[in-house]
Amino acid sequence: MQPPRERLVVTGRAGWMGMGRGAGRSALGFWPTLAFLLCSFPAAASPCKILKCNSEFWSATSGSHAPAADDTPEFCAALRTYALCTRRTARTCRGDLAYHSAVHGIEDLMSQHNCSRDGPTSQPRLRTLPPAGDSQERSDSPEICHYEKSFHKHAAAPNYTHCGLFGDPHLRTFTDRFQTCKVQGAWPLIDNNYLNVQVTNTPVLPGSAATATSKLTIIFKNFQECVDQKVYQAEMDELPGAFVDGSKNGGDKHGANSLKITEKVSGQHVEIQAKYIGTTIVVRQVGRYLTFAVRMPEEVVNAVEDWDSQGLYLCLRGCPLNQQIDFQAFHTNTEGPGAQRPAAASPAPTAPETFPYETAVAKCKEKLPVEDLYYQACVFDLLTTGDVNFTLAAYYALEDVKMLHSNKDKLHLYERTRDLPGRAAAAGLPPAPRLLLGALVLLLALLPVFC
């Protein structure tokens with residue numbers, strides 16, 4: 001009989017203590033400790049995500065997913081993933097007892113099992129319930145190829161996030177920041193362990209600073225028994241209903257149907273379902289240019305090996321400061337009959353004289369009656385491009401938000417979120433929440449002094 005694997009137990013502020021192999025100590029194992037941590041500290045009490053890290057490690061190393069006693073490489077990979085998760089949340093977990101206990105515990109277990117700090121990490125357990133009535137997908141795809149399906153029955157439902165890009169171009173990030181950017185040329189929208197998305201933006205008019213998305217490349221990486229690597233590519237006037245190899249699913253693997261592409265409207269609207277990572281992507285061609293929208297679990301969004309190198313991951317970090325345009329200032333400067341256009345030194349592109357402000361407002365109001373940021377983006381695009389199709393781009397971008405965003409209270413955004421120096425952390429927050437955020441940061445900084 002194989003001896004039980006060493007577990008951990010919390011011992012006050014000192015953190016976690018490795019347990020020996022004696023049978024009398026097995027009842028004080030790691031899982032009761034994690035259960036205590038998961039149930040004793042409400043997740044909504046702070047922005048610290050350590051309980052999520054604990055839960056993921058618990059799921060990866062318990063039940064049918066538990067590594068064999070002699071499978072040290074797999075256990076070390078799970079530990080490195082756990083350590084990576086704690087590093088990502090370190091900034092918001094200062095003074096959190098569960099966080100410091102986890103950090104000490106990881107160090108102890110890595111030492112006990114001679115795990116190196118550098119090496120492969122384990123993939124998050126993949127999860128997603130198949131849609132009702134789709135018996136074919138249930139029968140021909142393994143459980144690991146359905147993201148939600150492999151959740152522990154007592155675990156919380158995944159938190160889904162949304163990112164979208166449309167128009168001149170306007171970006172809504174996974175954290176609901178709304179920005180208007182220049183970003184001419186090729187830029188990465190998403191770059192994580194499972195998926196790469198890159199867009200190419202080109203000038204709308206010769207010599208104009210206004211740009212729009214003319215090319216989109218999506219790479220679904222090879223994953224276990226679920227899917228082969230697949231590439232989808234769209235360009236102006238070419239929106240295929242299949243991957244570049246002509247297929248419409250994930251290939252020859254047993255879980256291939258967990259990745260599917262569906263042509264909703266020929267040449268205008270394509271939807272890609274990647275159920276093995278719980279992700280839905282919508283690509284449209286509106287007029288000459290492309291729009292992009294995605295719904296993705298937070299766990300997949302954050303599945304990034306080298307977190308510090310993700311500065312250009314636009315859906316996650318937003319556009320660089322030097323690429324952002326204050327389109328609301330442009331909108332204000334052009335409001336009303338006879339309003340003056342911005343000077344040439346303005347960060348916004350010069351507006352064509354052929355599209356009066358009053359006409360732009362009327363066109364946008366037809367499709368976007370709520371004067372939110374999508375409406376304002378529509379007016380901006382008509383003034384900067386003179387192309388009425390940008391009205392539809394804003395309209396469909398909002399329709400995609402309604403379909404993909406998990407929080408129906410955040411469908412409409414009203415305040416610009418340009419990351420000005422010194423305000424990046426509180427972008428988009430009104431004054432009162434900013435004060436509360438400052439107080440919270442100060443409190444978290446002082447907690448270690450008093451604990």
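The paragraphs below set out a description of the structure included in this document. Note that the structure is a prediction, hence the values are computed from the model and not measured.

Let us look at the sheet that holds strand S5 (residues 178-181). Strand order in the open sheet formed by eight strands is S10-S11-S12-S13-S3-S4-S5-S14, and the pairing between neighbours is antiparallel. One side of each edge strand has no neighbouring strand; the edge strands of this open sheet are strand S10 (259-265) and strand S14 (324-325). Strand direction decides the pairing type here: S10 and strand S11 (residues 269-274), joined by six bridges, are antiparallel. Paired with Val265 across the strands is His269, a residue of S11.

Turning our eyes to something else, we now look at the environment of Glu148. Checked against the element boundaries, Glu148 lands in the loop between helix H5 (135-140) and strand S3 (160-166). On the basis of relative accessibility, which here comes to 24%, the residue Glu148 falls in the partly exposed class. Through-space distance from the C-alpha of Glu148 to that of Pro158 is 7.5 Å; in sequence the pair is ten residues apart.

Next up on the list: the side chain of Gln179. Summarising the element assignment, Gln179 is placed in strand S5. Residue classification places Gln179 among the buried positions, given a relative accessible area of 2%. In this structure the side chain of Gln179 is engaged in a polar contact, spanning 2.8 Å, whose partner is the backbone nitrogen of Cys319.

The final tally for this structure, using the stated rule, is six disulfides. Here Cys76 is linked by a disulfide to Cys115, with a sulfur-sulfur distance of 1.9 Å. Given an S-S torsion of about -70 degrees, the disulfide between Cys76 and Cys115 has left-handed geometry. In this pair, Cys76 is assigned in helix H3 (residues 72-88) and Cys115 in the loop between helix H4 (97-112) and H5, connecting sequence segments 39 residues apart. In this structure, Cys76 and Cys115 share a single accessibility class: buried.

So, on to the packing of H3 against H4. Interhelical geometry of H3 versus H4 gives an angle of 150 degrees and a closest axis separation of 10 Å. Here H4 runs roughly antiparallel to H3, going by the angle between their axes. Note that H3 runs across H4; the crossing there is left-handed. Across the interface between the two elements, Phe75, Leu79, Arg80, Tyr82, Ala83 and Thr86 of H3 pack against Tyr99, Ala102, Val103, Ile106, Leu109 and Met110 of H4.

Now for the sheet that holds strand S8 (residues 211-220). In spatial order, the strands read S6-S7-S8-S9; together these four strands make up an open sheet with antiparallel pairing. With one partner strand each, in any of the chains shown, strand S6 (185-191) and strand S9 (230-235) form the two edges of the open sheet. This sheet shows a mean twist of 20 degrees between the axes of neighbouring strands, independent of strand direction. As paired elements, S6 and strand S7 (residues 195-203) share six bridges and run antiparallel to each other. The partner of Ala186 across the bridge, within S7, is Thr200.

Applying the stated criterion across every chain, the model contains ten aromatic pairs. For the pair Phe57 and Phe75, a centre-to-centre distance of 6.2 Å together with 55 degrees between the ring planes defines the contact as tilted. Of the two residues, Phe57 sits in helix H2 (residues 50-60) while Phe75 sits in helix H3, which places them 18 residues apart along the sequence. Owing to a relative accessible area of 2%, Phe75 belongs among the buried residues under this scheme. The side chain of Arg295 reaches across the aromatic face of Tyr160, ending 3.7 Å from its centre. We note Lys367 situated over the ring of Tyr395; from NZ or CZ to the ring centre the distance is 4.8 Å.

The end-to-end C-alpha separation of helix H10 (residues 373-385) is 18 Å, in line with the 18 Å expected for 13 residues at 1.5 Å each. Looking at the residues trailing H10, positive phi occurs at Gly386, about 70 degrees.

A few words on unusual backbone geometry. Negative phi characterises most residues that are not glycine, and trans characterises most peptide bonds. Omega for the peptide link from Asp168 to Pro169 comes to -25 degrees, which places this bond in the cis form. With phi around 40 degrees, Gln224 is a residue other than glycine that occupies positive phi space. Relative to the assigned elements, Gln224 resides in the loop between S8 and S9.

Further remarks concern the side chain of Asp381. Mapped onto the elements, Asp381 comes out in helix H10. A polar contact is formed between the side chain of Asp381 and the side chain of His170, at a distance of 2.8 Å. When near neighbours in sequence (up to four residues on either side) are disregarded, Asp381 contacts Gly167, Asp168, His170, Gly386 and Phe390.

All right, on to H3 then. Spanning 17 residues, H3 covers 24 Å between terminal C-alpha atoms, matching the ideal 24 Å at 1.5 Å per step. Listed as buried for H3 are Phe75, Cys76, Ala77, Ala78, Leu79, Arg80, Tyr82, Ala83, Leu84, Cys85 and Thr86.

This next bit is on the pattern of salt bridges. In this structure the tally under the stated criterion is six salt bridges. When the shortest N-O distance is used, the salt bridge between Lys365 and Glu371 registers 2.9 Å. On the accessibility criterion, Lys365 (33% relative accessible area) is partly exposed. The salt bridge involving Glu399 is made with Lys402; its shortest N-O contact spans 3.2 Å. Of this pair, Glu399 and Lys402 are both found in helix H11 (residues 389-404), three residues apart, which corresponds to roughly one turn of the helix. On the basis of relative accessible area, Glu399 is assigned to the partly exposed category, the value being 28%. For Lys402, a relative accessible area of 36% translates into the label partly exposed. Sharing partners across several salt bridges, the network here consists of Arg172, Asp176 and Lys410.

Axis separation between H10 and H11 bottoms out at 8 Å; the angle between their running directions is 155 degrees. Considering the angle they form, H10 stands roughly antiparallel to H11. In the crossing of H10 with H11, the sense of the turn from one axis to the other is right-handed. Of the residues in H11, those in contact with Tyr374, Cys378, Asp381, Leu382 and Thr385 of H10 are Phe390, Thr391, Ala394, Ala397, Leu398 and Val401. Here the residues of the contact of H10 with H11 sort into eight nonpolar, two polar and one charged.

So, how was this worked out
- Residues numbered from 1 in each chain as written.
- Predicted model: local features only at pLDDT ≥ 70, side-chain atom pairs only at ≥ 80, totals over all residues.
- Heavy atoms only, no water.
- Pairing = 2+ DSSP bridges.
- Helix = DSSP H or I, 4+ residues; strand = E, 2+ residues; numbered from the N terminus.
- Buried < 20%, exposed > 50% of the residue type's maximum accessible area, 1.4 Å probe, protein only.
- Polar contact = N/O pair within 3.5 Å; in protein donor to acceptor, adjacent residues only side chain to side chain.
- Disulfide = S-S within 2.5 Å.
- Axes fitted to C-alpha atoms, helices over the stretch in contact; angles between N-to-C directions.
- Parallel < 35°, antiparallel > 145°, perpendicular 65-115°, else oblique.
- Left-handed = near helix turned anticlockwise from the far one by under 90°.
- Contact = heavy atoms within 4.5 Å.
- Phe/Tyr/Trp six-rings, centres within 6.5 Å; stacked < 30°, edge-to-face > 60°.
- Lys NZ or Arg CZ within 6 Å of the ring centre and 35° of its normal.
- Expected span 1.5 Å × (residues − 1).
- Salt bridge = Lys/Arg side-chain N within 4 Å of Asp/Glu carboxyl O.
- Nonpolar A, V, L, I, M, F, W, Y, C, P; charged D, E, K, R; others polar.

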